[in-house]
Amino acid sequence: MSAFEVIIYDKQDGIGYITLNRPEALNAYNIRMRDELYEVLGAIRDDPEVAAVILKGAGGKAFCAGADLTEFLTAPSPVIARQARFQRDVWGRFLNIDKPFIAAMHGYVLGSGIEMALCCDIRLAAEDARFGLPEPGLGIIPAAGGSQTLPRTIGRAAALEMLMSGRWLTSEEAYRLKLVNRVVPHADLLLAAEKIAIKIKTHDRTAVSYIKQAVTRGLDLTLAEGLELEAQLGRRLTAAQE
Ligand code: COA
């Protein structure tokens, strides 16, 4: 794997740690970050040692303040800036990795910051986290899957209010809307994420992976199809364990 500039990747005892690392720009998502995330996600997908992944932001102020507005402003138009972001399907890759991802969020969680967290399976928020989708104010729509993943997570009405009004949420509001699983003091955020990752790591890897597949793929199916998927995965797991 090449040296990264705007993310840090560490692996300790079967847990992968991805840190968004542009604290001077509140970890804003730029093209370099897209390329590095694409690369690291591929490595995580293919690394049998990684049982769970924690995604976090560097610095004290933000998980991620959304798309890098300087790249938007230097591109000939926001549309062209967005096209550059579509060239690598980071979000498709993210959503298709059958390993558990935990987002540990503090401070500003804006735009693609929320969308990145929505690609994760479990979301923890520090008490100081603030969530917002500034896209409509910039004349754009989410480009990292948010228009699809947010309503599937918090429901249509709450998602549309956030997406259309741009209203920000406190961490408590995010918890009430089920955008985050839990709110913890900022100082305890990483430890809380690690506790979950360590617990998951004690379980059979294939069972965890099939549970993720059954739930995430099943949500896009009818109940009958979902039950069939669960039965198929169950049979495959039993066969693998015999
Ligand atoms: N893209 C590029 N740089 C960004 C950024 C972004 N999305 N968000 C923050 N930064 C940079 C600021 O330009 C500033 O850089 P500087 O120190 O060189 O001037 C640095 O990060 C710190 O941000 P600052 O605005 O000084 O912090 P703040 O606490 O006063 O305000 C925010 C924080 C998040 C409210 C404000 O930075 C903001 O509104 N950012 C844009 C959010 C956004 O619209 N994102 C796009 C979503 S699609």
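Below is a short write-up of the structure.

Comments concerning the packing of aromatic side chains
Scanning the entire structure with this criterion turns up 3 aromatic pairs. Ring geometry for Tyr29 versus Trp91: centroids 5.2 Å apart, planes at 40°, classification tilted. In this pair, Tyr29 sits in the loop between strand S2 (15-20) and helix H1 (31-46) while Trp91 sits in helix H4 (residues 90-95), placing the two residues 62 residues apart along the sequence. Between the NZ or CZ atom of Arg93 and the centre of the ring of Tyr38, over which it lies, the distance is 3.7 Å. One cation-aromatic arrangement involves Arg236 over Tyr210; the distance from NZ or CZ to the ring centre is 5.6 Å.

Notes on the site of the ligand
For the ligand, the set of nearby residues contains 15 residues, the closest of which are Lys61, Ala65, Ala67, Leu69 and Tyr108. Within the backbone of Glu24, a nitrogen or oxygen atom sits 3.3 Å from an oxygen atom of the ligand. The contact in question runs from an oxygen atom of the ligand to an N or O atom on the side chain of Tyr108, over 3.2 Å. Relative to its unbound accessible area of 860 Å², the ligand is 58% covered by the protein chains. Residue classes in the shell around the ligand are distributed as 10 nonpolar, 1 polar and 4 charged.

With respect to unusual backbone geometry
A positive phi angle is found at Asp13, which is not glycine, with a value near 50°. Examined against the element boundaries, Asp13 turns out to sit in the loop between strand S1 (7-12) and S2. We note that Leu26 has phi near 50°; this positive angle belongs to a residue other than glycine. Examined against the element boundaries, Leu26 turns out to sit in the loop between S2 and H1.

Describing the pattern of salt bridges
Opposite charge on two side chains allows them to pair when their charged atoms are near. Counted under the stated rule, the structure contains 12 salt bridges. Between Lys11 and Glu49 there is a salt bridge, with the nearest N and O atoms lying 2.7 Å from each other. On the criterion of sequence distance, the pair formed by Lys11 in strand S1 and Glu49 in the loop between H1 and strand S3 (52-57) is long-range, its members being 38 residues apart. In this structure Lys11 comes out as partly exposed when scored by relative accessible area, which is 35%. Residue Arg34 is joined to Asp35 by a salt bridge in which the shortest nitrogen-to-oxygen separation is 2.9 Å. On the basis of relative accessibility, which here comes to 5%, the residue Arg34 falls in the buried class. For Asp35, a relative accessible area of 25% gives the class partly exposed.

Rules used throughout
- Residues numbered from 1 in each chain as written.
- Predicted model: local features only at pLDDT ≥ 70, side-chain atom pairs only at ≥ 80, totals over all residues.
- Heavy atoms only, no water.
- Phe/Tyr/Trp six-rings, centres within 6.5 Å; stacked < 30°, edge-to-face > 60°.
- Helix = DSSP H or I, 4+ residues; strand = E, 2+ residues; numbered from the N terminus.
- Lys NZ or Arg CZ within 6 Å of the ring centre and 35° of its normal.
- Near = heavy atom within 4 Å.
- Polar contact = N/O pair within 3.5 Å; in protein donor to acceptor, adjacent residues only side chain to side chain.
- Areas by Shrake-Rupley, 256 points an atom, 1.4 Å probe, with all protein chains shown as cover.
- Nonpolar A, V, L, I, M, F, W, Y, C, P; charged D, E, K, R; others polar.
- Salt bridge = Lys/Arg side-chain N within 4 Å of Asp/Glu carboxyl O.
- Buried < 20%, exposed > 50% of the residue type's maximum accessible area, 1.4 Å probe, protein only.

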